[in-house]
Amino acid sequence: MIVKFKKFKWILEGKIQSFLPLLAPLLIYFLNSTKYTRKIRFCPLISARIGHLAANTELFLRRLRANEFKKEAKYIGVAGKTCNNQLLKMYKREMPIVKSRLLRGIITTSLFQKSDFFQDVPYTSTEYHIFNDLPKAAGFTPDEEKRGLQELEKMGISTKDWFVCFHNRDSEYLNRQIPYINWGRHDYRNCEISNFIPAMEYIASIGGFAIRVGHYMQKRLKVKNNTRIIDYASNFRSDFMDIYLSAHCKFFVGTTAGLMLVPTVFNKPVIQTNIPNIEFVPYRKGDLYIPKKIKDIKRGRFLTFKEIFDRGISSWYSTDKFTEENLEVIENDPNEILDVVVEMNSILDGSYKYTEEDDSLQKKYHSLMQLHHRSYGSPARVGKDFLSKNRHLLE
């Protein structure tokens, strides 16, 4: 019944959308009517998806503060359906934001986008300079900081404790939010939470807390008798703590899901695991990542990284594309994830040094990237042990 209602609602919204081009000229006429309104620039926020709400909005605000846009203009964000009200609330403190699905529909019509009153909020996955060199835009109030500590205490985490967030992507969130669309085309991005457990156990064994985060997960975390490993996604999840945990963790272990961008906008170190399209990598210096390996089923071997880049596989977006080409996407195993988590934790603790061979392998990997690859210019490193154990894929 719920699925049918959501589909009906989606169809109805589509019908309404067809009338929005008729309203765009009226809004443009109104904005042209006074000296003040002629300065307004409407910015369509992508508020329905956490990654875009975080990245697109954050990048725009950082660039705005760096005077990359007209100073005399009055920028107003327009949000529609919102995936996380806490993050939107924090951005509302940095710029005026109107929450209106109708207005957002009007300003994203073709006619309005061509007008002087439209300002896009882009995100190209190549904003390495902005994420590394410009100060972050969003922050917590003292009351929010206090609330966050209280929520941590409910989970058994004190002010003296430290924690690491873990997140795996699956299909549950999109299947629940938009159940009338087949999201199987994104399955190549998914991975199993069970493969993260050894890394969680490692964090717990050295005195930290491992917190599994996420919204609507297919599987609960199955760990016995370890109070330092917490399935927050299943037992404590809230909009507020999704943001607080991501912004206050020692580091964040994620995948190719939007939530990984939340710690990024708060300048927290991230490990991105299970990357199938290796042009989409972390943004900040100090970040680490490990890709999924791609197996050629007919030839019975893994593709080299050069083959992946040269054939354009590095930017494929669809499960069907891999299937059509007889390619199998192999997710990272528990040891690969554990290795890169140990590496990151040791780096942050100041007890890790790379060898000349480590740097040589990194240089060889990065040399495969060309200017047209989105990953070109990323300061992030591939996990040391992953690259060393798969050096044959650099040939």
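Report follows, based on the coordinates. (Residues numbered from 1 in each chain as written. Predicted model: local features only at pLDDT ≥ 70, side-chain atom pairs only at ≥ 80, totals over all residues. Heavy atoms only, no water.)

Turning our eyes to something else, we now look at helix α12 (residues 239-248). A large share of α12 lies buried, amounting to nine of its ten residues. Regarding α12, the residues found buried are D239, F240, M241, D242, I243, Y244, L245, S246 and A247. (Buried < 20%, exposed > 50% of the residue type's maximum accessible area, 1.4 Å probe, protein only. Helix = DSSP H or I, 4+ residues; strand = E, 2+ residues; numbered from the N terminus.)

The next point concerns the sheet that holds strand β3 (residues 97-99). If you trace the three strands from one edge of the open sheet to the other, you get β1-β2-β3, paired in parallel fashion. Looking at strand neighbours, the two that pair on one side only are β1 (40-44) and β3, the edges of this open sheet. Averaged over all pairs of adjacent strands, the angle between their axes in this sheet comes to 30 degrees, without regard to strand direction. As judged from the three bridges shared by strand β2 (residues 74-79) and β3, these two strands associate in the parallel manner. Each bridged residue has a counterpart across the sheet, and for A79 the counterpart in β3 is K99. Helix α4 (residues 85-92) contacts β2 and β3 of the sheet and is inclined by roughly 145 degrees relative to β3. (Pairing = 2+ DSSP bridges. Axes fitted to C-alpha atoms, helices over the stretch in contact; angles between N-to-C directions. Contact = heavy atoms within 4.5 Å.)

Our next topic: the side chain of T304. Mapped onto the secondary structure, T304 falls in the loop between β11 (301-302) and α14 (305-310). Judged by its relative accessible area of 14%, T304 falls in the buried class. Beyond its immediate sequence surroundings of up to four residues, T304 is in contact with H392, L393 and E395.

Applying the stated rule across the entire model yields 18 aromatic pairs. Their ring planes at 35 degrees and their centres at 5.7 Å tell us that Y128 and Y283 sit as a pair that is tilted. You can see Y128 sitting in helix α7 (residues 128-133) and its partner Y283 sitting in the loop between β8 (270-275) and β9 (288-291), a full 155 residues away along the chain. Relative accessible area serves as the criterion here: at 7%, Y128 is assigned to the buried category. Where F240 meets Y244, the ring centres are 5.9 Å apart and the plane angle is 20 degrees; that geometry is what we call stacked. (Phe/Tyr/Trp six-rings, centres within 6.5 Å; stacked < 30°, edge-to-face > 60°.)

The next subject is the packing of α4 against α12. Packed helices, taken two at a time, are described by the angle their axes make and the gap between the axes. The N-to-C vectors of α4 and α12 enclose an angle of 70 degrees; their axes lie 7 Å apart at closest approach. As summarised for this structure, α4 and α12 are arranged roughly perpendicular, according to the angle between their axes. For the pair formed by α4 and α12, the contact residues are N85, Q86, L87 and M90 on the first element and D239, F240 and I243 on the second. (Parallel < 35°, antiparallel > 145°, perpendicular 65-115°, else oblique.)

Going residue by residue along β9, you find L288 and I290 tucked away on one face and Y289 and P291 tucked away on the opposite face as well. Relative to strand β13 (residues 381-382), β9 runs parallel, the two sharing two bridges. Across the sheet, L288 pairs through a bridge with R381, a residue of β13.

Remark: helix α10 (residues 197-205) packs on helix α16 (residues 334-348), axes separated minimally by 7 Å, with the N-to-C direction vectors making an angle of 30 degrees. Of the two elements, α10 crosses α16, and the hand of that crossing is right-handed. Where α10 approaches α16, its residues P198, A199, Y202 and I203 are matched on the opposing element by P334, I337, L338, V341, V342 and N345. (Left-handed = near helix turned anticlockwise from the far one by under 90°.)

So, about the environment of K74. Position of K74 among the secondary structure elements: in strand β2. Apart from the residues lying within four places of it in its own chain, the contact partners of K74 are K39, I40 and R41.

Evaluated as defined, the whole model comprises 20 salt bridges. E357 is the salt-bridge partner of R391, the closest N and O atoms lying 2.9 Å from each other. Note that R391 is positioned in the segment after α18 (384-389) and E357 in helix α17 (residues 356-366), a separation of 34 residues in sequence. On the accessibility criterion, R391 (32% relative accessible area) is partly exposed. (Salt bridge = Lys/Arg side-chain N within 4 Å of Asp/Glu carboxyl O.)

To continue, consider the sheet that holds β11. In spatial order, the strands read β11-β10-β12; together these three strands make up an open sheet with antiparallel pairing. The outermost strands of the open sheet, each flanked by one partner alone, are β11 and β12 (327-330). Here strand β10 (residues 293-296) pairs with β12 via four bridges, running antiparallel. In the strand pairing of β12, D296 is matched with L327.

What follows deals with the environment of K363. Along the polypeptide, K363 turns up in helix α17. With 18 residues separating them in the primary sequence, K363 and R381 have C-alpha atoms 9.6 Å apart.

With that out of the way, let us pick up α16. Given a rise of 1.5 Å per residue, 15 residues ought to cover 21 Å, and the 21 Å separating the end C-alpha atoms of α16 matches this to within 8%. Turning to α16, its buried residues are E336, I337, D339, V340, V341, E343, M344, N345 and S346. The opening residue of α16 is D333, an N-cap whose side-chain oxygen sits 3.0 Å from the backbone nitrogen of N335. Directly after α16, the chain includes G350, whose backbone phi takes a positive value near 75 degrees. (Expected span 1.5 Å × (residues − 1). Polar contact = N/O pair within 3.5 Å; in protein donor to acceptor, adjacent residues only side chain to side chain.)

Keep in mind these numbers describe shape, not what the thing actually does.
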